[in-house]
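The chain contents come next:
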Amino acid sequence: MELVRYKHAQLSARFPKDFRYSKSHYWMSDQGEGIWHVGFTKFATRMLGELVEAEFKVEIGAPVEPGQEIGWVEGFKAASDVFCALKGEFQGMNPALAEDACIIRSSPYVDGYLYAVRGEPEESSLDVHGYIKHLDGLINLMQNDPKYANQDPE
């Protein structure tokens, strides 16, 4: 897997070159035969902290749409709803999350995916360079906005 290195402010990450990315900080990896794995980007995991639990409320085989709330995750820093980044049919949660939700940080692009969908990424999905440009803009905004001044970037 070819990775693109990224460093801005206090965030250093590597992003798979061939993945798609959503502006809401999910990555999408084509597994073949129309199946996509979806996970959190490094930026998202930094905001959530170490994950301790995940749950999905969509049944396997159910239709899903981009932006649809499909579950939630809880981390040490925050809890967050999980939204779908593809249009298609929900294929289920990553079974490894039930055993160890920390896998999302320890193996983010292989074993640490959140869920799978048979379908196609949202139309607004970005390639790695588009996502990096989006992330630069977001980090610059956060650095210049007083409401973020006292928050711990870790």
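See the structure shown above.
Section: the overall build of the protein
- Each helix and strand in the protein was counted, giving four helices and eleven strands.
- Taking 2.2 N^0.38 as the reference for a compact globule, 154 residues should give roughly 15 Å; the C-alpha atoms of the protein span a radius of gyration of 15 Å, in line with that estimate.
- Seen through its C-alpha atoms, the protein measures out along the principal axes to roughly 45 × 30 × 25 Å.
- Taken over 154 residues, the protein has a buried fraction of 44%.
- In the protein, the share of contacts with a sequence separation of at least 24, taken over all contacts with a separation of at least 6, comes to 61%.
- For the protein, the distance from the average position of its 15 positive side-chain charges to the average position of its 24 negative side-chain charges is 9 Å.

Quick notes on the pattern of salt bridges
- Taken as a whole and assessed by the stated rule, the structure comprises three salt bridges.
- Between Lys-17 and Glu-2 there is a salt bridge whose closest N-O contact spans 3.9 Å. Linking Lys-17 in the loop between strand E2 (11-16) and strand E3 (20-21) with Glu-2 in the segment before strand E1 (3-8), this pair joins segments that are 15 residues apart in sequence.
- The partly exposed category is assigned to Lys-17, whose relative accessible area is 37%.
- Residue Glu-50 is joined to Arg-105 by a salt bridge in which the shortest nitrogen-to-oxygen separation is 4.0 Å. With a gap of 55 residues between them, Glu-50 in the loop between helix H1 (42-48) and strand E6 (51-56) and Arg-105 in helix H3 (residues 103-106) connect regions that are remote in the sequence.
- Taking relative accessible area as the criterion, Arg-105 reaches 35% and is therefore assigned partly exposed.

A look at the sheet that holds strand E7 (residues 63-64)
- On the basis of which strands lie adjacent, the open sheet formed by six strands has the order E3-E4-E5-E11-E10-E7 and antiparallel pairing. Looking at strand neighbours, the two that pair on one side only are E3 and E7, the edges of this open sheet.

Some points on unusual backbone geometry
- In the Ramachandran plot, His-25 falls in the positive-phi region, its phi being about 75° despite a non-glycine side chain.
- Within the fold, His-25 resides in the loop between E3 and strand E4 (26-32).
- Despite not being glycine, Glu-33 shows a phi value in the positive range, around 55°.
- Taking relative accessible area as the criterion, Glu-33 reaches 75% and is therefore assigned exposed.

Focus: the pairing of E1
- Burial of the side chains of E1 is restricted to one face: Val-4, Tyr-6 and His-8 are buried, whereas none of Leu-3, Arg-5 and Lys-7 on the reverse face is.
- Pairing geometry for E1 and E2, over six bridges, is antiparallel. Across the sheet, residue Tyr-6 finds its bridge partner in E2, namely Ala-13.
- In sequence, E1 turns back onto E2 through a hairpin of two residues, with Ala-9 there showing a positive phi of about 55°.

Rules of the game
- Residues numbered from 1 in each chain as written.
- Predicted model: local features only at pLDDT ≥ 70, side-chain atom pairs only at ≥ 80, totals over all residues.
- Heavy atoms only, no water.
- Helix = DSSP H or I, 4+ residues; strand = E, 2+ residues; numbered from the N terminus.
- Rg over C-alpha atoms; globule rule 2.2 N^0.38 Å.
- Buried < 20%, exposed > 50% of the residue type's maximum accessible area, 1.4 Å probe, protein only.
- Contact = heavy atoms within 4.5 Å.
- Lys, Arg positive; Asp, Glu negative; His and termini not counted.
- Charge placed at Lys NZ, Arg CZ, Asp CG, Glu CD.
- Salt bridge = Lys/Arg side-chain N within 4 Å of Asp/Glu carboxyl O.
- Pairing = 2+ DSSP bridges.

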